[in-house]
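Here's the letter readout for the chains.
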Amino acid sequence: MPKILIVYYSKTGNTEKMAKAIAEGAGTFQEVKVELKRSESPWRLASFDAILIGVPTYHHDMTDNIKKFLEETAFHNVNLKGKIGAAFGSYGWSGEAPGMVLEIMEHKFEMKVVKPPLLIKYVPDEKGLEECRKLGKNVAEQTLQSS
Ligand SMILES: Cc1cc2nc3c(=O)[nH]c(=O)nc-3n(C[C@H](O)[C@H](O)[C@H](O)COP(=O)(O)O)c2cc1C
């Protein structure tokens, strides 16, 4: 059974709303197992077929906890090569963080990334939530195709 992990950080709840909608979309298929978490240990990542990381942009950067998570994953040589990767996050005006995460997924971990990252300005409205559900569904379809 394909497994999808959605791991995210959210300070004021906007990226969390996105994460929940993505999980809803990914859960469209009963044959796919979806886990939605605020944190995960790097060594569990190897057991997933797709990993989606949600991070808001603060100070033109990703947040410290997500940065540390990626650094530890690299430090412990967790093999993510060929897994599906996607990044998303709420932002206010510049929105760099999800793009930074996606770049690391692609170049450091050699994952198959979904481009572009999904960015939503501040609070996601219904249209934004629908985009999130679509991303979740799209990733779930990809895991089914490659399983
Ligand atoms: C102190 C502070 C710094 C911020 N810096 C940025 C920034 O550099 N670029 C940007 O696009 N948004 C910035 N924002 C806006 C947040 O990304 C935005 O409020 C987002 O919705 C927060 O997501 P969250 O609710 O998931 O924490 C900043 C917000 C705060 C409070």
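Residues numbered from 1 in each chain as written. Predicted model: local features only at pLDDT ≥ 70, side-chain atom pairs only at ≥ 80, totals over all residues. Heavy atoms only, no water.

1. Some words on the site of the ligand
Step number 1: In the vicinity of the ligand there are 18 residues, among which Ser10, Thr12, Thr57, His60 and Ser90 approach most closely.
Step number 2: The contact in question runs from an oxygen atom of the ligand to an N or O atom on the backbone of His60, over 2.6 Å.
Step number 3: Note that an oxygen atom of the ligand is positioned 2.9 Å from one of the backbone N or O atoms of Trp93.
Step number 4: In isolation the ligand exposes 640 Å². Once the protein is present, 82% of that is buried.
Step number 5: Elements that contribute at least two residues to the shell around the ligand include exactly α1 (14-26) and β4 (84-91).
Step number 6: Class assignment of the residues belonging to the shell around the ligand gives a composition of five nonpolar, twelve polar and one charged. (Near = heavy atom within 4 Å. Polar contact = N/O pair within 3.5 Å; in protein donor to acceptor, adjacent residues only side chain to side chain. Areas by Shrake-Rupley, 256 points an atom, 1.4 Å probe, with all protein chains shown as cover. Helix = DSSP H or I, 4+ residues; strand = E, 2+ residues; numbered from the N terminus. Nonpolar A, V, L, I, M, F, W, Y, C, P; charged D, E, K, R; others polar.)

2. Overview of the pattern of salt bridges
Step number 1: Summed over the entire model, instances satisfying the criterion amount to twelve salt bridges.
Step number 2: For Arg38, the salt bridge identified is with Glu16, shortest N-O distance 3.5 Å. One end of the pair, Arg38, is in the loop between β2 (33-37) and β3 (50-54); the other, Glu16, is in helix α1, with 22 residues separating them in the sequence.
Step number 3: Taking relative accessible area as the criterion, Arg38 reaches 42% and is therefore assigned partly exposed.
Step number 4: A salt bridge links Arg133 to Glu24; its shortest N-O distance comes to 2.9 Å. Within this pair, whereas Arg133 is found in helix α4 (residues 126-145), its partner Glu24 is found in helix α1, the two being separated by 109 residues in sequence. (Salt bridge = Lys/Arg side-chain N within 4 Å of Asp/Glu carboxyl O. Buried < 20%, exposed > 50% of the residue type's maximum accessible area, 1.4 Å probe, protein only.)

3. Topic: the nonpolar core
Step number 1: Ranked by internal contacts, the top residues of the largest apolar core, which has 24 residues, are Ile4, Ile6, Leu52, Phe88, Leu135 and Val139.
Step number 2: Only β1 (3-8), α1, β3, β4, β6 (118-121) and α4 provide two or more residues apiece to this core.
Step number 3: Setting aside residues no more than four positions away along its own chain, Leu52 makes contact with Ile4, Leu5, Ile6, Val7, Ile22, Ala86, Phe88, Leu135 and Val139.
Step number 4: Tyr9, Leu45, Leu80 and Met105 belong to the second-largest nonpolar core, a separate cluster that totals 22 residues. (Core = buried A, V, L, I, M, F, W, Y, C linked by side-chain atoms within 4.5 Å. Contact = heavy atoms within 4.5 Å.)

4. A short note on helix α2 (residues 64-75)
Step number 1: For α2, built from twelve residues, the straight-helix expectation of 16 Å at 1.5 Å per residue is met to within 8% by its first-to-last C-alpha distance of 16 Å.
Step number 2: Residues Ile66, Phe69, Leu70 and Thr73 constitute the buried set of α2. Taken down its axis, α2 places every buried residue within 95 degrees of arc, on the same side. Of the exposed residues in α2, those oriented more than 90 degrees away from the buried face are Asp64, Lys68, Glu71 and Phe75. (Expected span 1.5 Å × (residues − 1). Arc of directions from axis to C-beta.)

5. Some remarks on the environment of Asp61
Step number 1: Along the chain, Asp61 turns up in the loop between β3 and α2.
Step number 2: Note on Asp61: relative accessible area 22%, which makes it partly exposed.
Step number 3: Asp61 sits 33 residues away from Ser94 along the chain, and the two C-alpha atoms are 9.6 Å apart.
Step number 4: Leaving out residues up to four positions away in the same chain, Asp61 has contacts with Pro56, Lys67, Ala97 and Met100.

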